[in-house]
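Coordinate analysis (summary)
As a plain string of letters, each chain reads:
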Amino acid sequence: MLTEALRCQPIAPEFNPAAHPIPVLQGAPGMWRGRFKAMASDCEILMEGMDAEVAAHLLRRAAIEAWRIEYKFSRYVTDNLIARINRAARQPVKVDDETADLFDFATQCFELSGGLFDISSGVLRRIWRFDGGSHVPSASAISSTLALIGWHKVAWDRPYLTLLPGMEIDLGGIGKEYAVDKVVQVLRDHRPAWTTTSFLVNFGGDLACTGPRLDGSAWCVGVESSEHNHAAVAQARLATGALATSGDSRRFVRWQGKRLGHILNPLTGWPVENAPHAISVAAPSCLHAGMLSTLAMLQGEQAEAFLAAQGLQFWVQR
């Protein structure tokens, strides 16, 4: 089955799923729970309406798709597409349609946010370490790093991307949400035609479902507290679509009596002022939900007003 699954997946160059541990499947025909690691997250898939063989097969397909996306787009992989782009200063790099679609999406986000949503801002990680400590970078370090940020400085003429020397692309802000949506699509495409099934995909708290549970009820998911041992502070009922969260529950620094989260303003190089501790948004897709939760965090004090204008359900923790 693994070989068959690989033939059905668009594989990135040199991607090797055999290098990953076999996903773990637990449960019974009424509810299967599959687990694996990807994108520095605990990944979980809940599956109803199938036997063990089908559940194991679908879990493998889902894991392969998540690992494929991680290998292709992670900044931590030294020989993938993103690494080649980031090393090709002033040299155009031709990208495939999947990558081009993500760059087009990033362009729309950059324009709609007035430059606040910027996939070239990942270079700020060179000077910021959100480890719960108290270190903040110097003004000169921030100034020199800001010179390397700005999607408007990038030459994007589909399918060719050209970066200035020192600039980098980082899709970490949308990669996990994109992976959730792609895995949901894989499960939809490959579930047995002869049976009714239902799935919930959860990658580290960013999640989506294929529809309601088989008994017609919604999936119940917890909205995590930003401070209290990550306990759920609210419960969302998800019958369709997705839920994504942005926040500083795990990544922050403390400075002058303030807790500064890891959501950085690419125009100033500093964490967004007066931003909520966490924002969760329900939307038709996980990519859509993640984009809105991040954009809301970037609004700082105006986060709630921004989200209210979108007409979607959301949870804000101050």
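Relevant structure appears above.
Note that this is a predicted model, so its numbers are computed, not measured.

A few words now on the overall build of the protein chain. Helix and strand counts for the protein chain stand at eight helices and 15 strands. Taken against the 2.2 N^0.38 rule, which gives 20 Å for 318 residues, the C-alpha radius of gyration of the protein chain at 20 Å falls within 12% of a compact globule. Seen along its three principal axes, the alpha-carbon backbone of the protein chain occupies a region of about 60 × 45 × 35 Å. Among the 318 residues that make up the protein chain, the fraction classed as buried is 53%. Considering only contacts within the protein chain whose residues lie at least 6 apart along the sequence, 64% involve residues at least 24 apart. Accessible surface, the protein chain: about 14,900 Å² in total, of which carbon and sulfur atoms supply 51%. Counting 30 positive and 32 negative side-chain charges, the protein chain places the centres of these two groups 3 Å from one another.

Right, let's get into the pairing of strand E13 (residues 258-261). Where strand E12 (residues 252-255) lies against E13, four bridges are found, and the strand directions are antiparallel. If you follow Val253 over to E13, its bridge partner there is Leu260. As consecutive antiparallel partners, E12 and E13 are separated by two residues, and within that stretch Gln256 has a phi angle of approximately 50 degrees, a positive value.

Let us now look at the sheet that holds strand E8 (residues 206-209). Ordered by their spatial adjacency, eight strands build an open sheet running E1-E2-E3-E7-E8-E11-E14-E15, and the pairing between neighbours is antiparallel. Here the strands that pair on one side only, and so sit at the sheet edges, are strand E1 (24-28) and strand E15 (314-317). Direction aside, neighbouring strands of the sheet carry axes that sit 10 degrees apart on average. Bridge count between strand E11 (residues 241-247) and strand E14 (residues 278-283): six bridges; the pairing is antiparallel. Of the residues in E14, the one forming a bridge with Ala244 is Val281. On top of the sheet, helix H7 (residues 286-298) reaches E8, E11 and E14; it is set at about 30 degrees to E11, its chief contact. Lying over the sheet, helix H8 (residues 303-310) contacts E14 and E15, oriented at roughly 175 degrees with respect to E15.

Take helix H4 (residues 97-112) next. The end-to-end C-alpha distance of H4, which contains 16 residues, comes to 22 Å, matching closely the 22 Å that a straight helix rising 1.5 Å per residue would cover. For H4, the set of buried residues is Glu98, Thr99, Ala100, Leu102, Phe103, Phe105, Ala106, Thr107, Cys109 and Phe110. Tucked into the core, H4 has its buried residues touching helix H2 (52-73), helix H3 (81-87), strand E5 (155-157), strand E6 (160-162), helix H6 (172-190) and H7. The N-cap of H4, judged by a side-chain oxygen 3.1 Å from the amide nitrogen of Glu98 a few residues on, is Asp96.

With that settled, the discussion passes to unusual backbone geometry. Geometrically, the link from Arg158 to Pro159 is a cis peptide bond, its omega value of 10 degrees lying close to zero. You can see Pro159 is positioned in the loop between E5 and E6. In this structure, Arg90 is a non-glycine residue whose phi angle is positive, near 70 degrees. Counting through the fold element by element, Arg90 comes out in the loop between H3 and strand E4 (93-94). Looking at Arg90, the relative accessible area reads 55%, which means it is exposed.

Thresholds, definitions, all that
- Residues numbered from 1 in each chain as written.
- Predicted model: local features only at pLDDT ≥ 70, side-chain atom pairs only at ≥ 80, totals over all residues.
- Heavy atoms only, no water.
- Helix = DSSP H or I, 4+ residues; strand = E, 2+ residues; numbered from the N terminus.
- Rg over C-alpha atoms; globule rule 2.2 N^0.38 Å.
- Buried < 20%, exposed > 50% of the residue type's maximum accessible area, 1.4 Å probe, protein only.
- Contact = heavy atoms within 4.5 Å.
- Areas by Shrake-Rupley, 256 points an atom, 1.4 Å probe, with all protein chains shown as cover.
- Lys, Arg positive; Asp, Glu negative; His and termini not counted.
- Charge placed at Lys NZ, Arg CZ, Asp CG, Glu CD.
- Pairing = 2+ DSSP bridges.
- Axes fitted to C-alpha atoms, helices over the stretch in contact; angles between N-to-C directions.
- Expected span 1.5 Å × (residues − 1).
- Polar contact = N/O pair within 3.5 Å; in protein donor to acceptor, adjacent residues only side chain to side chain.

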